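Chain by chain, the residues:
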Amino acid sequence: MTDQPDHKLLLDPDLLGPAEVGPSATAPGSPGGSLLEAVDIRKRYGRNEVLRGVSFGVERGDVKAVLGPSGSGKSTMLRCLALLEPIDAGEVRLEGRTIGVRRAGARTVRLPERELAGQRSDIGMVFQRFNLFPHLTALGNVMLGLTEVRHRSKADASKIAGAMLERVGLGPRTNFYPSELSGGQQQRVAIARALVMNPKVMLFDEPTSALDPELVGEVLAVMEELAREGMTMVVVTHEIGFARKVADRVLMMDEGEIIEDGTPDEFFANPRHERTRRFLEAVH
Amino acid sequence: MNFDPATFWQALTSQGFRDGAIIAIALTVVAQLTAVVIGLVVALMRGSGFRILRAIGWTYVWIFRAIPTLVQLLFVWNALPQLFPALIEGWFSPFLAAWLALSLNEGAYMAEIVRSGLLAVDEGQQLAARALGMTPRSVFRRVVLPQVMRVIIPPTANEFITMLKITSLASAISLQELLSYTQQSISISFRFAEYYAAAAIYYLVIVSVFMVFQALLERRFLWTSQRGESGRLSTTLRGLGAR
């Protein structure tokens, strides 16, 4: 894609406004700190402890791949980072600032839904099952956040959304409804829908797991391009190839804990943990 | 056979039938629309996180579904003015009483229909909308409600048609709708077949018009880019058939 001379960036500042991310962006807030940070996050559903103290950071512009067996808490962790689920203990920090809660004396209280909404708009999320809005066209799906959250005019939103859809290769499909698109096309619309919000970080929850094998490539290509342009990403995935090729760090989760965190070379060639080794053997 | 076409035709074209039909349609529309609003509110109460709201919603559906419509109608018209003397005044007309009684009654049924519509919306929809940073209000208006609408249109159209027929109950509280006028005409002429047949024709025509509106409304909620490209009616029928 990048070979074309007239290639347009996914993260085009002319389209999205000043770059929040990418190597060119200057880091406000904590210099040298992680862009997104999980600090000892704990979460339980009833008796089931899903996250048992998860801590890690994602540096600006880095791609973090998260592997692990199903039920290990990967999706829950992403939802907690996206402020879609309240956490029982710990902190989520974006650019060094604790988000999702406010201090009330010694206690921390979850922010009201209205205020959470504002913070969520800086975090892009892509779901396994796409979750496109079936009553809106591809264009309508991508426009909705711009008009409802960013309060852009319909005309502006339509222009930005159309340009973004073109960049993920769906220019001719803007007026199609989700039911008329393939899984791969739907997921690319979902990525465009998140991107137009100009998020500081993108979270992907098994973005290719619901796709037919022949459609996986087109979605991974968009994600790779995003990574190349410097988007900060956390990708929960079963695509070992993607993790190996694109990720800066690979995490292994098991039973609600991070048991391994290394560069792809270390992680795949020489995993420290026995459980990681067994997992990698099983998925290969 | 003793059927006088002239009497039938005269009944069909009479001012009284036309006025009765207009009152029946007007009552149907206002009562059903009010019921949709009540149904939406009660359904949201039943899905609320607050126990008290859930209990109120449940009680509402319980009471207004259990008591026969005719009893509710008679209660509103006869018993309410006894309880609240302000209602004895002239402004409390049979039309207002019927509107109130039929809306309250139908609201209970609509609550269940809307609730089924709310349950039909995939939870991933709210998740995706919230992830975009949309406020709860915005999520409901822009994402949940349009999807609920599509699910509830066929059953609501059903209720609309039922409501038209139920308005005939209001003849019991002296509302001059279709059935009242029919009965009065019969008591003078003793021509049963002609007048009932004329009334039946009116109901048939009105329901047919409702059905056209339903088809048009469903077409708006087809969510396909193909709509309008082929013939209007065939698209509608394909949409209906696909369901």
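Bear in mind that the values here come from a model prediction, so they are computed numbers and not experimental data. (Residues numbered from 1 in each chain as written. Chains lettered and ligands numbered in written order. Predicted model: local features only at pLDDT ≥ 70, side-chain atom pairs only at ≥ 80, totals over all residues. Heavy atoms only, no water.)

Caption draft 1: Broad picture of the overall build of chain B. Along chain B, the regular secondary structure elements total ten helices and zero strands. The order of helices and strands in chain B, counted from the N terminus, is α-α-α-α-α-α-α-α-α-α. In terms of its C-alpha atoms, chain B occupies a principal-axis envelope of roughly 70 × 55 × 30 Å. Looking at chain B alone, contacts between residues at least 24 apart form 74% of all its contacts between residues at least 6 apart. If you sum the accessible surface of chain B, you get close to 13,000 Å²; carbon and sulfur atoms cover 68% of it. In chain B, 19 side chains carry a positive charge and 12 a negative one; their mean positions are 12 Å apart. (Helix = DSSP H or I, 4+ residues; strand = E, 2+ residues; numbered from the N terminus. Contact = heavy atoms within 4.5 Å. Areas by Shrake-Rupley, 256 points an atom, 1.4 Å probe, with all protein chains shown as cover. Lys, Arg positive; Asp, Glu negative; His and termini not counted. Charge placed at Lys NZ, Arg CZ, Asp CG, Glu CD.)

Caption draft 2: Quick peek at the packing of helix α4 (residues 69-83) of chain B against helix α5 (residues 94-120) of chain B. Residues and elements named next belong to chain B. As a packed pair, α4 and α5 sit with axes 9 Å apart at the nearest point and diverge in direction by 135°. Relative to α5, the element α4 is oriented oblique. The chirality of how α4 crosses α5 is right-handed. Contact residues: α4 offers T69, Q72, L73, V76, W77 and L80, while α5 offers P94, A97, A98, L100, A101, L102 and N105. Residue composition of the contact of α4 with α5, by class: ten nonpolar, three polar and no charged. (Axes fitted to C-alpha atoms, helices over the stretch in contact; angles between N-to-C directions. Parallel < 35°, antiparallel > 145°, perpendicular 65-115°, else oblique. Left-handed = near helix turned anticlockwise from the far one by under 90°. Nonpolar A, V, L, I, M, F, W, Y, C, P; charged D, E, K, R; others polar.)

Caption draft 3: Focus on α5 of chain B. Here α5 of chain B is 27 residues long and its end C-alpha atoms lie 38 Å apart, about the 39 Å a rise of 1.5 Å per residue gives. Maximal helix bending in α5 of chain B amounts to about 30°, located at G107 of chain B. (Expected span 1.5 Å × (residues − 1). Bend = angle between axes of the 7 residues up to and from the residue.)

Caption draft 4: Structural view of the pattern of salt bridges. Residue and element names in this part refer to chain A. Here the structure, examined in full by the defined rule, presents 27 salt bridges over all chains. The salt bridge partner of E91 is R93, with a shortest N-O separation of 2.9 Å. For E91, a relative accessible area of 19% puts it in the buried group. Looking at R93, the relative accessible area reads 25%, which means it is partly exposed. Between E260 and R272 there is a salt bridge, with the nearest N and O atoms lying 4.0 Å from each other. (Salt bridge = Lys/Arg side-chain N within 4 Å of Asp/Glu carboxyl O. Buried < 20%, exposed > 50% of the residue type's maximum accessible area, 1.4 Å probe, protein only.)

Caption draft 5: Seen up close, the side chain of T276 of chain A. Residues and elements named next belong to chain A. Within the element layout of this structure, T276 appears in helix α10 (residues 274-283). Look at T276 and you get buried, because its relative accessible area is 0%. Apart from the residues lying within four places of it in its own chain, the contact partners of T276 are M252, I259, E260, F267 and P271.

Caption draft 6: Main features of the sheet that holds strand β4 (residues 89-94) of chain A. Residues and elements named next belong to chain A. The antiparallel open sheet is built from four strands, whose spatial order is β2-β1-β4-β5. A strand with exactly one partner marks an edge of an open sheet, and here the two such strands are β2 (48-58) and β5 (97-99). Averaged over all adjacent pairs, the angle separating strand axes in this sheet is 30°, with direction ignored. Bridge count between β4 and β5: three bridges; the pairing is antiparallel. Bridging across to β5, V92 finds its partner in I99. (Pairing = 2+ DSSP bridges.)

In short, shape yes, function no, at least from these values alone.
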